[in-house]
Structure formats: structure tokens, C-alpha cells
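# Working through the structure, step by step
If you want the building blocks of each chain, they are given just below.
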Amino acid sequence: MAKRVVPETARRRRRPTKQGQVLTHQLIVETALRMLREHGAAGLTARRLGLALGADASTVYRYFRGMDDLVLAIADELFGHAVEGWSPSGDWRADLRELGLRIHNAYLTHPQAAVLTASRVTGLPQEVATDEIILGILRGAGFPDADAVRIYHAFIDQSLAFSILDAATLALPPAAREADEEVWRDTYARLPATTHPHIAATAPLLVARMNDSAYPTALDMLLASASAQLRG
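Not measured: the values here are computed from a predicted model.

## Brief notes about the overall build of the protein chain
Of the regular secondary structure elements, the protein chain holds eleven helices and zero strands. With respect to the principal axes defined by its C-alpha atoms, the protein chain has extents near 70 × 50 × 35 Å. Counting the 232 residues in the protein chain, one finds 36% classified as buried. As presented, the protein chain carries roughly 13000 Å² of accessible surface, and 56% of it is formed by carbon and sulfur atoms.

Below, the structure is given as C-alpha cells:
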């Protein structure tokens, strides 16, 4: 049976924690994000979170049904970071491009959290609000509902897929990440044209591009395709 979550008014601590803070849902989520950044997913436990908050581990369960409930709250928080301060320009393509880059950047700012959460569907307020914005932009641009949903599906999955891919790279130990990056220069750039003519011909371009995220290019390709469909 799932644990009962105590209502906000009943669960609020009446005195500060050992760190001098009054516990809130938001404080726990922010502390969990910091712990993920510093220790990775393996370091995020109720016991460690309680220690970081200066409270007993069981206190976390007054705010969340379990650690997976906290993970979903973290995912929702990242969507909140993505849309914070955003306002529409009225240009649907520019607005979607900015939103896509904001979502990608919000996840890459917290790579360990991104790997843990980007594949989840939360149904929580910030995620729902973001989806409403994206669908509103597409419907407002004139896309029929079926096309708006199809493009929304491709748009959000693309942004989250690249977020996981790029965040996983950032989450690697520095030495491993540097070794991966050097492969393009040390291996691909040295392949002979006699055996690998296409790689050899494009090697300088590969070295220049392949350690950067392809997300902006993929996003522009998706939006160009959608724009062509709308014009047609």
C-alpha cells in the first residue's frame, strides 16, 4: 500500500531543522537536485537527504510517498526551470525553438537529474503547463489538431532524448569524457582514405562537430519540416 502523504498544512515543521531551515516541498526538491549534482543517483537516498536537510529520514515521507515520488517532483522542477521567465513572441517557430533549447539547457544544467528523470512522465503542474504551451503554439500557428499532436510528440521526445544523451556525456567522469572526445581526433581523423574514403574526406569536419550537441541542428530540421508542411 502506498504511503499516505500528509497535507501541506499538517506536515509543516513548527521549528527549524538542525540547519536552521523550515522544511518545505520546494526545499526538499532543491536539496535533492544538489545531491544528485554532487553525488549522482546512487547518492540520493532518504537517509542522506535527511542528513543534508538536518532532519530525520522519515521526514521526507511526510512530503512524498516514496523516493520515486520525489524523482517525479524533480522532473517537474526541471520543466519549471525551463519555462521560467519565458514569454511568447508571436512567431511560432521562434517560440518553439526557444522552448526546445530551454528544456535541453535545463536538463544539462543538472545532468545527473536529467539521466534519472528525462524518461519519466509526471502529470505534475510544471510538465502539464509546458505541454499546454507547446500545443497552444502549434494550434495557434494553424496546425490541425492531429498534426499539432504529431509535431508536439516529435518535439518533446526529441528534446528529452537529446537531453538524456548529452547529460549522460556530462555525467561521465572527466577522464572518460575527455577520452571519448579525443577518439574523433586520434582515431577517426587518422583513418586512411584507402579503407575509409568517406570518413577520411570529412575528417576535419567530423573533428570540429562531433563533440558538440546535435540538438540545435536536429531541432531546426524538425521545425523546418513542420514549417514546410504548414506552407503546403
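Still more to cover.
## Remarks on a negative patch on the surface
Taken together, Glu178, Asp180, Glu181, Glu182 and Asp212 make up a surface patch of like negative charges. Of note, Glu178 is situated in helix α9 (residues 174-186).

## Some thoughts on the UniProt feature "DNA-binding region" (unreviewed entry) in the protein chain
Here, the residues flagged by UniProt with the feature "DNA-binding region" (unreviewed entry) are residues 45-64. Span residues 45-64 is 40% helix and 0% strand, its end C-alpha atoms 13 Å apart.

## Structural notes on the UniProt feature "domain: HTH tetR-type" (unreviewed entry) in the protein chain
UniProt tags residues 22-82 as "domain: HTH tetR-type" (unreviewed entry). Taken end to end, residues 22-82 is 64% helix and 0% strand, and its two terminal C-alpha atoms sit 26 Å from one another.

## Observations concerning the packing of aromatic side chains
Scanning the entire structure with this criterion turns up four aromatic pairs. Consider the rings of Phe79 and Tyr107, whose centres lie 6.2 Å apart with planes at 90 degrees: the pair is edge-to-face. Highlighted residues: Phe79 in helix α4 (residues 67-83) and Tyr107 in helix α5 (residues 92-109), separated in sequence by 28 residues. The burial state of Phe79 is the same as that of Tyr107; both residues are buried. With a centroid separation of 5.3 Å and 85 degrees between ring planes, the pair formed by Trp92 and Phe143 is classed as edge-to-face. Of the two residues, Trp92 is situated in helix α5 and Phe143 in the loop between α7 (125-141) and α8 (145-171); the sequence distance between them amounts to 51 residues. When its relative accessible area of 15% is taken as the criterion, Trp92 is described as buried.

## Some details on α4
Spanning 17 residues, α4 covers 25 Å between terminal C-alpha atoms, matching the ideal 24 Å at 1.5 Å per step. Most of α4 is tucked away, with 13 of its 17 residues classed as buried. Just downstream of α4, Gly85 is the residue with a positive phi angle, here 80 degrees.

## Considering the packing of α8 against helix α11 (residues 215-231)
Their axes nearest at 10 Å, the elements α8 and α11 cross at an angle of 175 degrees. Taken as axis vectors, α8 and α11 run roughly antiparallel relative to one another. In this structure, α8 contributes Asp147, Arg150, Ile151, Ala154, Phe155, Gln158, Ser159, Phe162 and Asp166 to the contact, and α11 contributes Tyr215, Ala218, Leu219, Leu222, Ala226 and Gln229. Tallied by class, residues from the contact of α8 with α11 come to nine nonpolar, three polar and three charged.

What counts as what
Residues numbered from 1 in each chain as written. Predicted model: local features only at pLDDT ≥ 70, side-chain atom pairs only at ≥ 80, totals over all residues. Heavy atoms only, no water. Helix = DSSP H or I, 4+ residues; strand = E, 2+ residues; numbered from the N terminus. Buried < 20%, exposed > 50% of the residue type's maximum accessible area, 1.4 Å probe, protein only. Areas by Shrake-Rupley, 256 points an atom, 1.4 Å probe, with all protein chains shown as cover. Patch = residues over 30% accessible without salt bridge, like charges linked within 9 Å, V, L, I, M, F, W, Y side chains within 5 Å. Salt bridge = Lys/Arg side-chain N within 4 Å of Asp/Glu carboxyl O. Lys, Arg positive; Asp, Glu negative; His and termini not counted. Charge placed at Lys NZ, Arg CZ, Asp CG, Glu CD. UniProt positions renumbered as here; feature names shortened; annotations may be inferred. Phe/Tyr/Trp six-rings, centres within 6.5 Å; stacked < 30°, edge-to-face > 60°. Expected span 1.5 Å × (residues − 1). Axes fitted to C-alpha atoms, helices over the stretch in contact; angles between N-to-C directions. Parallel < 35°, antiparallel > 145°, perpendicular 65-115°, else oblique. Contact = heavy atoms within 4.5 Å. Nonpolar A, V, L, I, M, F, W, Y, C, P; charged D, E, K, R; others polar.

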